[in-house]
Every structure is written in structure tokens, then in C-alpha cells.
Amino acid sequence: MEARMDIRRVARILVVGRRRFDPELLYVECLQCGRPVLWRPTRTRSLIEASGLLPEELDHSCLIGTDGCPVCSPELGSFKTILVRVESYADSEGPAAGTA
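Quick caveat: nothing in here was measured; it's all calculated off a predicted structure.

1. Topic: the layout of surface pockets
- Of the pockets and cavities examined, the second largest pocket occupies roughly 200 Å³.
- Residue classes in the lining of the second largest pocket are distributed as eight nonpolar, four polar and three charged.

Rendered as C-alpha cells:
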């Protein structure tokens, strides 16, 4: 029997009560090729602070997207980033599509 984890249950565990969401838990993905982007610890926190966002504004529906990565854009030394808030499937209209 395959064990499956309910993403909503995990999200509730991460964001319980008055505890703030840890920005270091944000998923980072290259928006060009779709690969996950790994960077040094505390990089996410420093980007959030530099952008002026408050950690209280973040939750499990947020992710960071980059405009390239070392694999698909090796000629670039740095990449622009954006914060994306993903709506849940239950909130969306129309058919769902994707590979994740």
C-alpha cells in the first residue's frame, strides 16, 4: 500500500496558531525550465526582507520563481526573482493541468 501525504494537512501543521511561516520553507523554481533551485541557507529570508515583505504575509501557498538557473542559463551570474502565490485547486475554475 502506497503511503500518501495530504498537502492540506502538512500545510496546517506548518502554519499552526500564532507561529509564523518560515520563509526558508518556500519552494524555489526556475520559471524557464521548471527545475527546483537550491541556494545557500538564509538566502530566502534575506530576499524576503530586502523586498519589504513581512514573513506574516507568507504561507504555504507561496513560492519563489527565478528567471533562469545555472542549468538553463549558465551564462548569467544572477537571476531575477518573483514571489508567486498559487491558488488551490479547490479555488480554481476549470480543469486542472500540470505535472506536479
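2. Overview of the packing of aromatic side chains
- Overall, the coordinates contain zero aromatic pairs when judged by the stated rule.
- Taking the ring centre of tryptophan 39 as reference, the NZ or CZ of arginine 43 above it sits at 5.5 Å.

3. Brief notes about the pattern of salt bridges
- According to the stated counting rule, one finds two salt bridges in the structure shown.
- Across the pair aspartate 59 and arginine 85 runs a salt bridge, and its minimum N-O distance is 3.1 Å. A residue pair is termed long-range when its members are at least 10 positions apart, and aspartate 59 in the loop between α2 (43–51) and β2 (62–66) and arginine 85 in strand β3 (residues 81–85) qualify at 26 residues.
- Note on aspartate 59: relative accessible area 22%, which makes it partly exposed.

About the thresholds
- Along each chain, numbering runs from 1 in the same order as the chain's sequence is written.
- The predicted nature of this model means local features are confined to residues of pLDDT at least 70 and side-chain atom pairs, given and counted, to a pLDDT of 80 or more, with totals for whole chains, interfaces and linings taken over all residues.
- Side-chain metrics rest on all non-hydrogen atoms present in the structure, leaving aside hydrogens and water.
- A 1.4 Å probe that fits but cannot get out identifies a cavity on a 1 Å grid over protein atoms alone, an open set with protein on both sides within 12 Å along at least five of seven lines counts as a pocket, and a residue lines either if it has an atom within 4 Å of a point.
- Grid points are joined across faces, edges and corners, and a volume is the space filled by probe spheres set on the points.
- Polarity classes work like this: nonpolar for Ala, Val, Leu, Ile, Met, Phe, Trp, Tyr, Cys and Pro, charged for Asp, Glu, Lys and Arg, and polar for all others, with Gly in that last group.
- Here the aromatic set is Phe, Tyr and Trp, taking the six-membered ring for Trp, and pairing holds for ring centres within 6.5 Å; pairs whose planes are under 30 degrees apart are stacked, those over 60 apart are edge-to-face, and all others are tilted.
- Any Lys NZ or Arg CZ found within 6 Å of a ring centre and within 35 degrees of that ring's normal is scored as a charge over the ring.
- Here, a salt bridge means any side-chain nitrogen of Lys or Arg that lies within 4 Å of a carboxyl oxygen of Asp or Glu.
- Under the scheme used here, helices are H or I runs from DSSP no shorter than 4 residues and strands are E runs no shorter than 2 residues, and both carry numbers assigned from the N terminus.
- Only protein chains enter the calculation, and the probe is 1.4 Å; a residue is then buried if its accessible area is under 20% of its type maximum, exposed if over 50%, and partly exposed in between.

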